[in-house]
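Tertiary structure, described
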Amino acid sequence: MRFAIFGLPAAVLVLLLVTLSGDSITVTRPPQPAVSAVPAAAAPLPSPTTSPPPSPSPTFHDGDGRFGAFITTRSQAVALTFDDGPDPINTPKLLAMLRERHIHATFCMVGFRVRDRPDLVRAIHADGHTLCNHSWQHLLNLAQRDDTYIDWDLRHTNDMIHAAVGTDVPIRYFRAPGGNFTPALVAKARSLGMDSISWDVDPRDWEHTHDNGASAHISRVVNHVKGHTRPGSIVLSHDNGQPNTITAYQYLLPWLQERFTLAGLPTAGL
């Protein structure tokens, strides 16, 4: 018996082996490849995403002032510190003067003023100055408030600063209003990653009652800073609400720069 195989697709080509035996047809399939008894290795699973290592905890030292606050920079550098701002009029003038002489300072800022003028906080940071928490509303009795309020005050001020400049910008310093530190307040600041800074040079530029006019006030501020600044000094001054201070520093900046290294407090802490 003869068979004609037509119409098989060329792609099949399974090599049918046809054996004719009488009237029956035996179809022999091609041999199949042997299956290994050893299972194939599974594809490796992707490595779990690992979080970046946490930032190292700040290193703290006891300060050389009362209750562990710092009154000097612990170096030869002199730190100029300006409190209570940012001030919409005085702070830009002060920044321009510092920028012209390539001087970096430290700005201790009040939280609600930071909230109101984040543009000035950004300008301070952009010029390379060090940022300092000076409490939310400058309560001179801050240390006597309850722990819940103090915690909120310091955290909220830091939050406002970070809202202006970004959460990655360090806020490593705290200054109590009026310099009214207590051991508990210094400990609270430290728990939030901040060294407490006081000062050893205070021209009392905020006090005008004993001066006979602006010229006398400016002369007193200038003479005090010149007479008391030493290597390592932290100098206290105010940009908020003190236009005469800005005038005083027009005379002080060149005088200080000729005699001292002027630097912002280090962002790594003291």
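The preceding data block contains the structure.
Before going into details, it helps to say that this report is about the structure given with it.

Here we take up the nonpolar core. One recurring pattern in soluble globular proteins: nonpolar side chains tend to sit buried together. Core analysis: the biggest nonpolar cluster contains 50 residues, and Leu 80, Phe 107, Phe 174, Tyr 249 and Leu 256 have the highest contact counts within it. Elements supplying a minimum of two residues to this core: β3 (79–85), α1 (90–100), β4 (106–109), α3 (118–126), α4 (147–165), α5 (183–191), α6 (214–228) and α7 (243–259). Take this core: its biggest share by element is seven residues, from α7. Setting aside chain neighbours within four positions, we find Phe 107 in contact with Phe 82, Thr 91, Leu 94, Leu 95, Leu 98, Ile 124, His 129, Thr 130, Leu 131, Cys 132 and Asp 239. Membership of the second largest hydrophobic core comes to 11 residues, among which are Ala 79, Trp 199, Leu 265 and Leu 270.

Glancing now at the packing of α4 against α5. For any two helices packed against each other, one specifies the inter-axial angle together with the distance between the axes. Relative orientation of the contacting elements α4 and α5 amounts to 45°, with a least axis distance of 11 Å. Relative to α5, the element α4 is oriented oblique. The chirality of how α4 crosses α5 is right-handed. Residues Ile 150, Asp 151 and Leu 154 of α4 touch α5, and the partners they reach there are Leu 185, Lys 188 and Ala 189. Residues that form the contact of α4 with α5 fall into these classes: four nonpolar, no polar and two charged.

Reading the values: rules and limits
- Residues numbered from 1 in each chain as written.
- Predicted model: local features only at pLDDT ≥ 70, side-chain atom pairs only at ≥ 80, totals over all residues.
- Heavy atoms only, no water.
- Core = buried A, V, L, I, M, F, W, Y, C linked by side-chain atoms within 4.5 Å.
- Buried < 20%, exposed > 50% of the residue type's maximum accessible area, 1.4 Å probe, protein only.
- Helix = DSSP H or I, 4+ residues; strand = E, 2+ residues; numbered from the N terminus.
- Contact = heavy atoms within 4.5 Å.
- Axes fitted to C-alpha atoms, helices over the stretch in contact; angles between N-to-C directions.
- Parallel < 35°, antiparallel > 145°, perpendicular 65-115°, else oblique.
- Left-handed = near helix turned anticlockwise from the far one by under 90°.
- Nonpolar A, V, L, I, M, F, W, Y, C, P; charged D, E, K, R; others polar.

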